[in-house]
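In case you want the letters, here they are:
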Amino acid sequence: MASFNIVMPKLGESIQEGTITKWFVKEGDTIEEDDMLFEVATDKVDSEIPSPVDGVITKINYPEDSLVAVGEVLAVVSLDGEVEASETETESKEVAAKTEDTPVKADITDASVDDSRKLSNRFYSPLVKTIAKEENVSFDELESIEGSGVGGRVQKKDIMAYLESRDSSAAQPAAMKESKPAAPAAPVLEKKSAPPVSVGAGDTVVEMDRVRKLIADHMVMSKQVSPHVTSVVEADVTELVLWRNKNKEAFQKKYGDKITFMPIFTEAVAAALAEFPMVNSSVDGDKIILKKDINVGIAVAKPDGNLIVPVIKNAEQRNLVGLTKELNRLADAARNNKLDPAEIQGGTFTITNFGSFGNIIGTPIINQPQVAILATGIIEKKPAVLETPSGDVIAIRHKMYLSLSYDHRIVDGALGGAFLRRIADYLEQFDTNRAI
Ligand code: CO6
């Protein structure tokens, strides 16, 4: 029997495993090329994987909810329709999806290396996690192991070497152990345990879904990693509101896309980031990495209540039409679970539009490993005092609040405040006569 192995695809360079959240086929099913086989979820993205071949599913190796390492055979497809065959006759080929990725921060709670829920900035392969579990290596121990892999990743040989030295140290007499200075412990992110919650008779208990748990963990991690501060400015955006109102229909007619305020906010942010490279950066230990590209993430609320942040790459190189088209495309793909993994990676700054919910102001949480995030409040008509040559007048103006949360490790109030004011200035100075 000629067969084809369906393997766990690599959904990103540093992604080593995925959870099968749904099988669309069962053993015995006849499938055609491009039929959806299964849905896989990583901490970055959910993807539906189509079949690359026609055939009959002869074996499914992992049930739903299994966490499976990249490259493992998930299912076998008989290419000639025969259901049984000996392994020696099998002519196997394999398929794996190919995508780009940037490093992923890993939650090693599933490693069960410790009872407490802890977060790591490092990635551990399933193999390393299994060894850690079997050898009772605690979370803190694991974090202190120096990795010899790419980017300091802990490899099998590293944890084995650690175990050897741990065992020999355990065999030493107490006096000898005391004389040996302890290796400095690596900084560890430890979740504080939350107070116990009582559940009353009429209360409803809702299990968090996987994405909600990941969002929750990432939010806590971000607050632990970065000391957040938030600055707020008010912007008079009357000119740009009048411009959009005047050009909305013509824009849609000409380009086939609706223009909202978000592309205009994004344009102003990208221009300000080009002037303030320190805000377009990441912190790596004692180093600040100033990013060459300006990739603006846009927080999109999904219909299931979750949140995803697709990224407009090289935002400063796009004009308003390009930004509008890319934003609408990404927001649509996000709401329909059609984003590619690469489309949510590589962000260097994030915008979240609280105005979508009619909110005026907010203190957003930084999307790690970025160092700042902008929240845009609702644009509202307000009475405002205007200075004119013939004296002060009160006029009805369109105003909004912009709030910037930033990482105080590297962005101080002066820099954060100046950057935020620059965005507001760009919006206030929007040219009402701009051609579409
Ligand atoms: N003021 C006034 N009017 C607004 C505003 C504000 N701020 N924002 C949107 N709108 C208007 C917009 O112009 C549209 O008006 P019409 O064209 O006249 O119909 C209308 O509201 C609907 O806009 P829509 O949401 O469809 O499109 P928009 O381009 O403005 O926004 C989006 C796209 C993808 C950002 C948005 O649809 C969305 O999902 N917003 C939610 C963002 C969110 O969930 N934030 C939560 C934050 S969680 O901070 C967080 C990143 C993490 C840490």
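Structure: see above.
Residues numbered from 1 in each chain as written. Predicted model: local features only at pLDDT ≥ 70, side-chain atom pairs only at ≥ 80, totals over all residues. Heavy atoms only, no water.

Quick look at the site of the ligand
Around the ligand, the structure places 27 residues, and the nearest of them are R244, T260, R335, T352 and N353. At 2.9 Å, a backbone N or O of G377 approaches a nitrogen atom of the ligand. Within the backbone of I379, one N or O atom sits 2.9 Å away from a nitrogen atom of the ligand. The fraction of the free accessible surface of the ligand (1100 Å²) that becomes covered by protein chains is 78%. Those elements giving two or more residues to the shell around the ligand turn out to be helix 6 (238-255), strand 16 (300-301) and helix 8 (320-335). (Near = heavy atom within 4 Å. Polar contact = N/O pair within 3.5 Å; in protein donor to acceptor, adjacent residues only side chain to side chain. Areas by Shrake-Rupley, 256 points an atom, 1.4 Å probe, with all protein chains shown as cover. Helix = DSSP H or I, 4+ residues; strand = E, 2+ residues; numbered from the N terminus.)

A few points about the packing of helix 6 against helix 8
Look at helix 6 against helix 8: their axes get within 13 Å of each other, and the N-to-C directions meet at 75°. With respect to helix 8, the axis of helix 6 lies roughly perpendicular. Where helix 6 abuts helix 8, its residues W243, F251 and Y255 lie against L320, V321, T324 and K325. Its residues placed into classes, the contact of helix 6 with helix 8 shows 5 nonpolar, 1 polar and 1 charged. (Axes fitted to C-alpha atoms, helices over the stretch in contact; angles between N-to-C directions. Parallel < 35°, antiparallel > 145°, perpendicular 65-115°, else oblique. Contact = heavy atoms within 4.5 Å. Nonpolar A, V, L, I, M, F, W, Y, C, P; charged D, E, K, R; others polar.)

Re the pattern of salt bridges
The tally for this structure, following the rule as stated, stands at 13 salt bridges. One salt bridge connects E275 with R422, and the closest N-O pair in it is separated by 2.0 Å. Of this pair, E275 sits in helix 7 (residues 262-275) while R422 is found in helix 9 (residues 413-428), placing the two residues 147 residues apart along the sequence. Relative accessible area serves as the criterion here: at 30%, R422 is assigned to the partly exposed category. (Salt bridge = Lys/Arg side-chain N within 4 Å of Asp/Glu carboxyl O. Buried < 20%, exposed > 50% of the residue type's maximum accessible area, 1.4 Å probe, protein only.)

Structural notes on a negative patch on the surface
On the surface, a cluster of negative charge is contributed by E32, E33, D34, D35 and D54. Inspection of the secondary structure assignment puts E32 in the loop between strand 3 (30-31) and strand 4 (36-41). (Patch = residues over 30% accessible without salt bridge, like charges linked within 9 Å, V, L, I, M, F, W, Y side chains within 5 Å. Lys, Arg positive; Asp, Glu negative; His and termini not counted. Charge placed at Lys NZ, Arg CZ, Asp CG, Glu CD.)

Some points on the side chain of S226
Assignment of secondary structure puts S226 in the loop between helix 5 (210-225) and strand 12 (228-236). On the basis of relative accessible area, S226 is assigned to the buried category, the value being 2%. Ignoring anything within four residues of it in the chain, the contact list for S226 reads I366, Q368, D407 and R409.

Digging into the packing of aromatic side chains
Across all of its chains, the model carries 6 aromatic pairs by this definition. Pairing F251 with Y255 gives two aromatic rings, centres 4.9 Å apart and planes at 55°, and the pair type is tilted. In this pair, F251 and Y255 are both assigned in helix 6, 4 residues apart and thus about one turn of the helix distant. For F251, a relative accessible area of 2% gives the class buried. By relative accessible area, which is 22% here, Y255 ends up partly exposed. (Phe/Tyr/Trp six-rings, centres within 6.5 Å; stacked < 30°, edge-to-face > 60°.)

A few points about the side chain of D236
Looking at where D236 falls in the secondary structure, it is placed in strand 12. Given the relative accessible area of 15%, D236 is considered buried. Separated by 2.8 Å, the side chains of D236 and R397 make a polar contact.

Comments concerning the nonpolar core
By size, the foremost hydrophobic cluster in this structure holds 54 residues, and its most contacted members are F349, L374, L402, F419, I423 and L427. Residues contacting F419, with those up to four places away along its chain left out, are A272, L273, F276, V279, F349 and L404. (Core = buried A, V, L, I, M, F, W, Y, C linked by side-chain atoms within 4.5 Å.)

Quick look at the packing of helix 7 against helix 8
Contact geometry for helix 7 and helix 8: axes closest at 9 Å, N-to-C directions at 120°. Compared by their axis directions, helix 7 and helix 8 come out oblique. Between helix 7 and helix 8 the crossing geometry is right-handed. Side by side, helix 7 and helix 8 meet where M262, P263, I264, T266 and E267 of the first sit next to L320, L323, T324 and L327 of the second. (Left-handed = near helix turned anticlockwise from the far one by under 90°.)

Considerations on the pairing of strand 5 (residues 46-50)
Where burial is concerned, the two faces of strand 5 differ: the one with S47 and I49 is buried and the one with D46, E48 and P50 is not. With 5 bridges connecting them, strand 4 and strand 5 associate as antiparallel partners. Looking at the pairing, F38 lines up with I49 of strand 5. (Pairing = 2+ DSSP bridges.)

Concerning helix 9
If you check helix 9, its first and last C-alpha atoms are 22 Å apart, about what 16 residues at 1.5 Å a residue would give, namely 22 Å. Of the surrounding secondary structure, the elements contacted by the buried residues of helix 9 are strand 12, helix 6, helix 7, strand 19 (349-352), strand 20 (372-376) and strand 22 (391-407). (Expected span 1.5 Å × (residues − 1).)

Describing the sheet that holds strand 4
Judged by pairing direction, the sheet is antiparallel, and its 4 strands sit side by side in the order 5-4-2-7 without closing on themselves. The open sheet terminates on both sides in strands that have one partner only, identified here as strand 5 and strand 7 (67-69). Between one strand axis and the next, the sheet turns through 40° on average, direction left out of account. Bridge count between strand 2 (residues 17-23) and strand 7: 3 bridges; the pairing is antiparallel. Within strand 7, the position partnered with E17 by the bridge is A69.

Observations regarding the environment of I215
Tracing the backbone shows I215 in helix 5. When its relative accessible area of 13% is taken as the criterion, I215 is described as buried. Considered as a pair, I215 and L307 are 92 residues apart in the sequence and their alpha carbons are 8.0 Å apart. If sequence neighbours within four positions are ignored, I215 has contacts with N306 and L307.

Geometric descriptors of this kind do not, in isolation, establish any biological role.
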